[in-house]
Amino acid sequence: MVNVKSTGEILGATIEDLDLSKPISDQDIEIVMRALGEYGVLRFPGQQLSAQDLKSFSSRFGELEINVANAYQAPGHPEVMILSNMKEDGKPIGLQDAGQSWHTDMSYSKMIAFANVLHGIKIPRRNGVPLGSTEFCNMHAAYEDLPAELKTRLDGMTALHDFNKFWEMMRREKGSARPPLTEAQRKAKPPVSHPVFLTHPITGRKVLYANPGYTVRINELPEKESEETLEFLFAHQVQDKYRYAFRWTEGDVLMWENFGTIHNAVADYGSDEHRLILRCQVMANRFFGNAANVAAA
Ligand code: SIN
């Protein structure tokens, strides 16, 4: 029987007794699903997974995404993306600045993302201390703490999410090597709307489904009121009391669900302090069936 051990913090639990390179029973997958709802973020330490193993485990939870950037894929496995600051023959082997600001993966997509599954191959360390943590905030708690008046006012409203917002922010603020999105890439991911408050499909509770990375507008509010409300929500949701920092060890598999959390990859390491992570993204079709159902949730 799989044992799920809480971190005792606002998010996070550890599952030690599963070898993710081996076939996993439906019963154990169900335990992982429930733990994702309850704790948001899960750590499976001491794993040794190939790209194929990571893909096989991740696909037990739903359809896998092939990233719109269409680059830095593990050879032969387009669903597995390489996140890294390492270079080979002077060329980057992975996406160097993935997720380095608060956001929710794939909130810009008609079909939103359910879960991310990352495998840590190389983790930078300075004086023995691991760098490059992945931080999370708890969106169940952030919703619950909103002023009652705001909960009532925003109930049933929708927010617009734009892939280009985060992309441009990375280009501007992090001085990254990302080129501007091509016309074709922008067309492939036009801005989309989702409920500001989403009913979490595992817990059945409401969460705040807006994030500083991709959310650009609350559709039903006049522009200025939308701006002020988003500014309030963005400041509210990243308060220390909602935060949990995941500190990596080589061999970790880190899995989180994207409805009840937002996250931020902390870029506190230098170009010669190497980080190498493999990542799969699981889409939410199993809960919402088709994109129209996300908007109706
Ligand atoms: C991500 O946003 O998926 C990247 C997280 C990380 O590299 O820590």
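If you're wondering where the values come from, they're calculated on a predicted model, not measured in any experiment.

Caption draft 1: Representation of the pairing of strand β12 (residues 158-161). The pairing of β12 with strand β13 (residues 192-195) spans 4 bridges and is antiparallel. Residue pairing for β13: His-161 is matched across the bridge by Val-192. In terms of strand pairing, β12 meets strand β16 (residues 215-218) through 3 bridges, oriented antiparallel. Residue pairing for β16: Leu-160 is matched across the bridge by Arg-217.

Caption draft 2: Structural detail: the site of the ligand. Taken together, 13 residues form the shell around the ligand, and within it His-103, Thr-134, His-263, Arg-275 and Arg-279 come nearest. At 3.5 Å, a side-chain N or O of Asn-116 approaches an oxygen atom of the ligand. Bound to the protein, the ligand loses 99% of the 260 Å² it would expose on its own. Looking at the shell around the ligand, the elements with two or more residues in it are β8 (113-122) and β19 (261-265). The residue makeup of the shell around the ligand, split by class, is 5 nonpolar, 5 polar and 3 charged.

Caption draft 3: Local environment of the packing of aromatic side chains. Tallied over the entire structure, the rule returns 14 aromatic pairs. Here the aromatic rings of Phe-246 and Trp-248 are separated by 5.1 Å at their centres, their planes lie at 90°, and the arrangement is edge-to-face. With relative accessibility at 2%, the residue Phe-246 sits in the buried group. For Trp-248, a relative accessible area of 1% translates into the label buried. What links up through ring pairs into an aromatic cluster is the set Tyr-108, Phe-163, Phe-166, Trp-167 and Tyr-214. When the ring centre of Tyr-143 is taken as origin, the NZ or CZ atom of Lys-151, which lies over that ring, is 4.9 Å away. Lying over the aromatic face of Phe-287, Arg-286 brings its terminal NZ or CZ to 5.6 Å of the ring centre.

Caption draft 4: Inspection of the side chain of Arg-275 at higher detail. Mapped onto the elements of the fold, Arg-275 is located in the loop between β19 and β20 (276-283). Buried and without a salt bridge, Arg-275 has Asp-268 as its closest oppositely charged side chain, separated by 7.1 Å. Among the polar contacts listed, one links the side chain of Arg-275 to the backbone oxygen of Gly-132, at a separation of 2.9 Å. Those residues in contact with Arg-275, other than ones at most four positions away along the chain, are Leu-83, Ser-84, Asn-85, Met-86, Lys-122, Pro-124, Gly-132, Thr-134, Trp-248 and Tyr-269.

Caption draft 5: The arrangement of the sheet that holds strand β17 (residues 243-246) in detail. If you trace the 3 strands from one edge of the open sheet to the other, you get β17-β11-β19, paired in antiparallel fashion. Whereas interior strands pair on both sides, the edge strands pair on one side only; in this sheet they are β17 and β19. On average, each strand axis in the sheet is tilted by 25° relative to the strand beside it, whichever way the strands run. As defined by bridge partners, strand β11 (residues 134-138) adjoins β19 across 5 bridges and the pair is classed as antiparallel. If you follow Glu-135 over to β19, its bridge partner there is Asn-264.

Caption draft 6: Quick peek at the sheet that holds β16. The 3 strands are arranged β13-β12-β16 in an open sheet whose pairing can be described as antiparallel. Each edge of the open sheet is held by one strand with a lone partner, namely β13 and β16. Direction aside, neighbouring strands of the sheet carry axes that sit 35° apart on average.

Caption draft 7: Representation of the environment of Gly-76 in the model. Mapped onto the secondary structure, Gly-76 falls in the loop between β4 (73-74) and β5 (77-84). Taking the relative accessible area as the measure of exposure, Gly-76 reaches 66% and is therefore exposed. In this structure, the C-alpha to C-alpha distance between Gly-76 and Gln-52, residues 24 residues apart in sequence, is 9.0 Å.

Caption draft 8: Quick look at the pattern of salt bridges. This structure, assessed with the given rule, holds 17 salt bridges. Linking Glu-225 and Arg-153 is a salt bridge whose minimum nitrogen-to-oxygen distance equals 2.8 Å. With Glu-225 in helix α7 (residues 223-237) and Arg-153 in helix α4 (residues 148-154), this pair connects stretches of sequence that are 72 residues apart. Assessed through its relative accessible area of 29%, Glu-225 is described here as partly exposed. By relative accessible area, which is 32% here, Arg-153 ends up partly exposed.

Cut-offs used in this document
Residues numbered from 1 in each chain as written. Predicted model: local features only at pLDDT ≥ 70, side-chain atom pairs only at ≥ 80, totals over all residues. Heavy atoms only, no water. Pairing = 2+ DSSP bridges. Helix = DSSP H or I, 4+ residues; strand = E, 2+ residues; numbered from the N terminus. Near = heavy atom within 4 Å. Polar contact = N/O pair within 3.5 Å; in protein donor to acceptor, adjacent residues only side chain to side chain. Areas by Shrake-Rupley, 256 points an atom, 1.4 Å probe, with all protein chains shown as cover. Nonpolar A, V, L, I, M, F, W, Y, C, P; charged D, E, K, R; others polar. Phe/Tyr/Trp six-rings, centres within 6.5 Å; stacked < 30°, edge-to-face > 60°. Buried < 20%, exposed > 50% of the residue type's maximum accessible area, 1.4 Å probe, protein only. Lys NZ or Arg CZ within 6 Å of the ring centre and 35° of its normal. Lys, Arg positive; Asp, Glu negative; His and termini not counted. Salt bridge = Lys/Arg side-chain N within 4 Å of Asp/Glu carboxyl O. Contact = heavy atoms within 4.5 Å. Axes fitted to C-alpha atoms, helices over the stretch in contact; angles between N-to-C directions.

As far as function goes, none of this settles anything; it's purely spatial.
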